[in-house]
Amino acid sequence: MAGKPKLHYFNGRGRMESTRWLLAAAGVEFEEKFIKTPEDLEKLRNDGSLMFQQVPMVEIDGMKLVQTRAILNYIATKYNLNGKDMKERALIEVYTEGVADLCEMIMPLPLCPPDQKDAKIALIKDRTTNRYFPAYEKVLKSHGQDYLVGNRLSRADIHLVELLYYVEELDPSLISNFPLLKALKTRISNLPTVKKFLQPGSQRKPPADEKHIEEARKIFKF
């Protein structure tokens, strides 16, 4: 019997949180090996565990997988969250990449210089309500089904709902004009595996605060 997947990253969201969400939604227990010092990261680099000298890295099925999209794609395929055929997988990729685009705008916010923060937030709000949320709302409306693709749970639903929680942290009102997205969020959040992950004490990570940012600065030297 294979052991649990082991996630190598620092104790924060960053680029590992989507993997935590996906594994949790699939009902897969996982271990976390936290990188706490620059020396911990250097050790992984020196022992050949990191193909491109960077994390996230996930040990799974005898592999040491790096690159976030590759990790997510493997997990989704392994646990039947990646569509039933090429067309479904293509749609899932499109929807997932849209989520990634908006996440890439939100993720660096804690590092944003104070004099630029208001402008960044304004741009995120504009893109959220005028570009991304209308697109996903339209998809759900077009087929009237409970999930984005193939009327079954896929990684696209999980990644989108993860994003909805991040947007809610930024401004809860941004989703108010998108009833189908609100319904999707409720539906996915009530799945037993996801519900468990959303409870206090789970492996879900909180928003970045000064302590997390300082810890990451020391480890990754940025």
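Residues numbered from 1 in each chain as written. Predicted model: local features only at pLDDT ≥ 70, side-chain atom pairs only at ≥ 80, totals over all residues. Heavy atoms only, no water.

A few points about the pairing of strand 2 (residues 31-34)
Alright, step 1. Bridge analysis of strand 1 (residues 6-9) against strand 2 gives 4 bridges, and the strand direction is parallel. Paired with Tyr9 across the two strands is Phe34, which belongs to strand 2.
Alright, step 2. In terms of handedness, the path from strand 1 via helix 1 (residues 17-25) over to strand 2 forms a crossover that is right-handed. (Pairing = 2+ DSSP bridges. Helix = DSSP H or I, 4+ residues; strand = E, 2+ residues; numbered from the N terminus. Right-handed = clockwise from strand over helix to strand, strands pointing away.)

Some remarks on helix 4 (residues 86-106)
Alright, step 1. Helix length check: helix 4 (21 residues) gives 30 Å between terminal C-alpha atoms against 30 Å at 1.5 Å per residue, within 8%.
Alright, step 2. Of the positions making up helix 4, those classed as buried are Glu88, Ile92, Tyr95, Thr96, Gly98, Val99, Ala100, Leu102, Cys103 and Ile106.
Alright, step 3. Taken together, the buried residues of helix 4 touch helix 3 (68-78), helix 5 (114-143) and helix 6 (155-170).
Alright, step 4. For helix 4, the N-terminal capping position is held by Asp85, with its side-chain oxygen 3.2 Å away from the main-chain nitrogen of Lys87. (Expected span 1.5 Å × (residues − 1). Buried < 20%, exposed > 50% of the residue type's maximum accessible area, 1.4 Å probe, protein only. Contact = heavy atoms within 4.5 Å. Polar contact = N/O pair within 3.5 Å; in protein donor to acceptor, adjacent residues only side chain to side chain.)

Some remarks on the nonpolar core
Alright, step 1. Trp21, Leu148, Leu160 and Leu181 are the most contacted members of the largest nonpolar core, which has 64 residues in total.
Alright, step 2. Here this core takes 9 residues from helix 6, the largest share from any one element.
Alright, step 3. Ignoring sequence-local partners within four residues, the contact set of Trp21 consists of Ile158, Val161, Glu162, Tyr165, Tyr166, Val194, Phe197, Leu198 and Arg204. (Core = buried A, V, L, I, M, F, W, Y, C linked by side-chain atoms within 4.5 Å.)

Observations concerning the UniProt feature "domain: GST N-terminal" (unreviewed entry) in the protein
Alright, step 1. Here the UniProt-annotated "domain: GST N-terminal" (unreviewed entry) positions come out as residues 3-83.
Alright, step 2. The annotated region residues 3-83 carries 36% helix and 20% strand content, and the separation between its end C-alpha atoms amounts to 26 Å. (UniProt positions renumbered as here; feature names shortened; annotations may be inferred.)

Describing the sheet that holds strand 1
Alright, step 1. In space, the 4 strands of this open sheet follow the order 2-1-3-4, with mixed pairing throughout. Bordering the open sheet on either side are strand 2 and strand 4 (63-66), each of which pairs with just one other strand. Going from strand to strand, the sheet's axes swing by 25 degrees on average, the running direction of each strand aside.
Alright, step 2. Sheet strands in contact with helix 3 are strand 3 (57-60) and strand 4, and its direction is about 125 degrees off that of strand 4. (Axes fitted to C-alpha atoms, helices over the stretch in contact; angles between N-to-C directions.)

Some points on the state of the cysteines
Alright, step 1. Taken as a whole and assessed by the stated rule, the structure comprises 0 disulfides.
Alright, step 2. Just so you know, Cys103 is unpaired, no disulfide at all, and the nearest cysteine sulfur is the one on Cys112, 17 Å from it.
Alright, step 3. Given the relative accessible area of 13%, Cys103 is considered buried. (Disulfide = S-S within 2.5 Å.)

Quick look at a positive patch on the surface
Alright, step 1. Taken together, the side chains of Lys33, Lys36, Lys43 and Lys64 present a region of like positive charge at the surface.
Alright, step 2. By relative accessible area, Lys64 is classed as partly exposed at 43%. (Patch = residues over 30% accessible without salt bridge, like charges linked within 9 Å, V, L, I, M, F, W, Y side chains within 5 Å. Areas by Shrake-Rupley, 256 points an atom, 1.4 Å probe, with all protein chains shown as cover. Salt bridge = Lys/Arg side-chain N within 4 Å of Asp/Glu carboxyl O. Lys, Arg positive; Asp, Glu negative; His and termini not counted. Charge placed at Lys NZ, Arg CZ, Asp CG, Glu CD.)

Some points on the packing of aromatic side chains
Alright, step 1. By the definition in use, this model includes 7 aromatic pairs.
Alright, step 2. Ring centres 5.4 Å apart and planes at 75 degrees place the aromatic pair Trp21 and Phe197 in the edge-to-face group. Of the two residues, Trp21 sits in helix 1 while Phe197 sits in helix 8 (residues 192-197), which places them 176 residues apart along the sequence.
Alright, step 3. Judged by its relative accessible area of 2%, Trp21 falls in the buried class.
Alright, step 4. Looking at Phe197, the relative accessible area reads 5%, which means it is buried.
Alright, step 5. Against the face of Tyr165 rests Lys185, its NZ or CZ located 4.3 Å from the ring centre. (Phe/Tyr/Trp six-rings, centres within 6.5 Å; stacked < 30°, edge-to-face > 60°. Lys NZ or Arg CZ within 6 Å of the ring centre and 35° of its normal.)

With respect to the pattern of salt bridges
Alright, step 1. Inspection of the entire model under this criterion finds 15 salt bridges.
Alright, step 2. A salt bridge links Glu32 to Lys205; its shortest N-O distance comes to 2.8 Å. Of the two residues, Glu32 is situated in strand 2 and Lys205 in the loop between helix 8 and helix 9 (210-220); the sequence distance between them amounts to 173 residues.
Alright, step 3. Among the residues examined, Lys205 registers a relative accessible area of 8% and is labelled buried.
Alright, step 4. Salt-bridge contacts for Lys185 lead to Glu168; the nearest nitrogen and oxygen are separated by 3.3 Å.

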